Amino acid sequence: MLKKFRADLHIHTILSPCTELTEMSPHAIVEKAHHADLNIIAICDHNSCENVAPTQKNSLTGKLAVLAGIEIASKEEVHTLGLFDKEEEALKVQEVVYRNLPGENDEETFGHQVVVNEKEEVVRFNKRLLIGATTLSLKEIVDLIHSFNGLAIASHVDREAYSIVGQLGFIPQGLPLDALELSPRIGIKEAKRQFPQCGDYPIVTFSDAHSLNDIGKSSTTFLMKEASVVEMKLALTGKEGRKVILVQDSAEF
């Protein structure tokens, strides 16, 4: 039986240096997601997935699915979301990202990058420059995500900074993206008017939450059998009755 799952699949934790350090803990994120009537969230910190497991362990009731995710910055400074059914798949991607992530974090300039456990105790401070760009090309990142059975979604394509359109001016022909993400600031109709190439890809919209109040601010509803990346792939391609319902314009795509 197919069901509707309301999803916000782009949420940052206190591991991302640009988040609200006093807010975005795993437990607080899960609580806010429940109150926002979300069924699925994904933790997508910058170039890391080390706070995925503690967030998943804070959501054991079965009411909220927490997917493993990562937001990877390419050498062109394009951000791409990678979403996975298995944490170990995301961790394998993280290994490659870490090998290709130069620089060390300047905590005074960029802030702390906090790794916690399920009890929200500080395990360590990640010293890598997570907010920086990797030496991987955009194509290499998309292929890397796919090699570990993930979904590759271009982040906030309507933004000027760190988006595929903002950085490159276009979407390279043949780039096998699974979807394009819109930020909460723009609707699907306006996005297709401003960025005609959007019509060539499935569209989703998430919050890119860096503070608790942003969680659920923008979401996408998936009609599918269960809360999984495998099912989302079917929904994005409109197969076997699965489909995507965008809340922004109350329209289906």
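The preceding data block contains the structure.
Residues numbered from 1 in each chain as written. Predicted model: local features only at pLDDT ≥ 70, side-chain atom pairs only at ≥ 80, totals over all residues. Heavy atoms only, no water.

J.: Is there a simple way to think about the overall build of the protein chain in this case?
T.: Regarding its fold elements, the protein chain presents 8 helices and 12 strands. In summary, the protein chain has a C-alpha radius of gyration of 17 Å against a globular reference of 18 Å for 253 residues, a match within 12%. Per-residue burial for the protein chain yields a buried fraction of 55% across its 253 residues. In the protein chain, of all internal contacts separated by at least 6 residues, the share reaching a separation of at least 24 is 69%. Accessible area of the protein chain: about 11,100 Å², with a carbon and sulfur share of 48%. With 26 positive and 37 negative side-chain charges, the protein chain shows a spacing of 6 Å between the two charge centroids. (Helix = DSSP H or I, 4+ residues; strand = E, 2+ residues; numbered from the N terminus. Rg over C-alpha atoms; globule rule 2.2 N^0.38 Å. Buried < 20%, exposed > 50% of the residue type's maximum accessible area, 1.4 Å probe, protein only. Contact = heavy atoms within 4.5 Å. Areas by Shrake-Rupley, 256 points an atom, 1.4 Å probe, with all protein chains shown as cover. Lys, Arg positive; Asp, Glu negative; His and termini not counted. Charge placed at Lys NZ, Arg CZ, Asp CG, Glu CD.)

J.: Explain the pairing of strand β6 (residues 122–125) here, please?
T.: For a regular strand, side chains alternate in direction, first toward one face of the sheet and then toward the other. In this structure, strand β5 (residues 114–116) lies alongside β6, joined through 3 bridges in antiparallel fashion. Paired with V116 across the strands is V122, a residue of β6. (Pairing = 2+ DSSP bridges.)

J.: How should helix α5 (residues 138–147) be read in this particular structure?
T.: Every α-helix winds through 3.6 residues per turn, so residues three or four apart in the chain are directed the same way. All of the buried residues along α5 are L138, I141, V142, L144 and I145. Along the long axis of α5, the arc covered by the buried residues comes to 160°, so they all point the same way. Those residues of α5 hidden inside the fold are in contact with β3 (65–73), β4 (79–84), α3 (87–99), β7 (151–154) and α6 (164–168). The first or second residue beyond α5 is N149, which carries a positive phi of 65°. (Arc of directions from axis to C-beta.)

J.: I'm lost on helix α8 (residues 229–237) in this one. Help?
T.: All of the buried residues along α8 are V229, E231, M232, L234, A235 and L236. Positive backbone phi, approximately 65°, marks G238, located one or two places after α8.

J.: Honestly, the nonpolar core in this entry has me stumped. Any pointers?
T.: For soluble globular proteins, the rule of thumb is that nonpolar side chains tend to be buried together. Judged by nonpolar contacts, the single largest core of 74 residues is most densely connected at L9, I41, I164, L177, L180, I215 and F222. Here L9 is in contact with I40, I41, A42, C44, L67, L81, L83, F206, F222 and M232, once residues within four sequence places are set aside. With 5 residues, the next largest nonpolar core counts L15, Y98, V115 and L130 among its residues. (Core = buried A, V, L, I, M, F, W, Y, C linked by side-chain atoms within 4.5 Å.)

J.: Quick question: what am I supposed to make of the layout of surface pockets here?
T.: Regions of empty space are outlined by a rolling probe, equal in size to a water molecule, passed over the atoms. Of the pockets and cavities examined, the largest pocket occupies roughly 200 Å³. Every residue lining the largest pocket is counted, 15 residues in all, and those nearest its centre are H46, H79, I131, R159 and Y162. Its residues assigned to classes, the lining of the largest pocket shows 5 nonpolar, 6 polar and 4 charged. (1 Å grid on protein atoms, 1.4 Å probe; cavity = no way out; pocket = protein on both sides within 12 Å on 5 of 7 lines; lining within 4 Å. Points joined across faces, edges and corners; volume = space filled by probe spheres on them. Nonpolar A, V, L, I, M, F, W, Y, C, P; charged D, E, K, R; others polar.)

J.: What is the right way to look at unusual backbone geometry in this model?
T.: The phi angle of most residues is negative, glycine excepted, and most peptide bonds adopt the trans form. A positive phi is found at E77, a non-glycine position, where the angle reads about 65°. The backbone of E240 sits at a positive phi, close to 55°, despite the residue not being glycine. Within the secondary structure layout, E240 lies in the loop between α8 and β11 (243–246). You can call E240 exposed: its relative accessible area is 59%.

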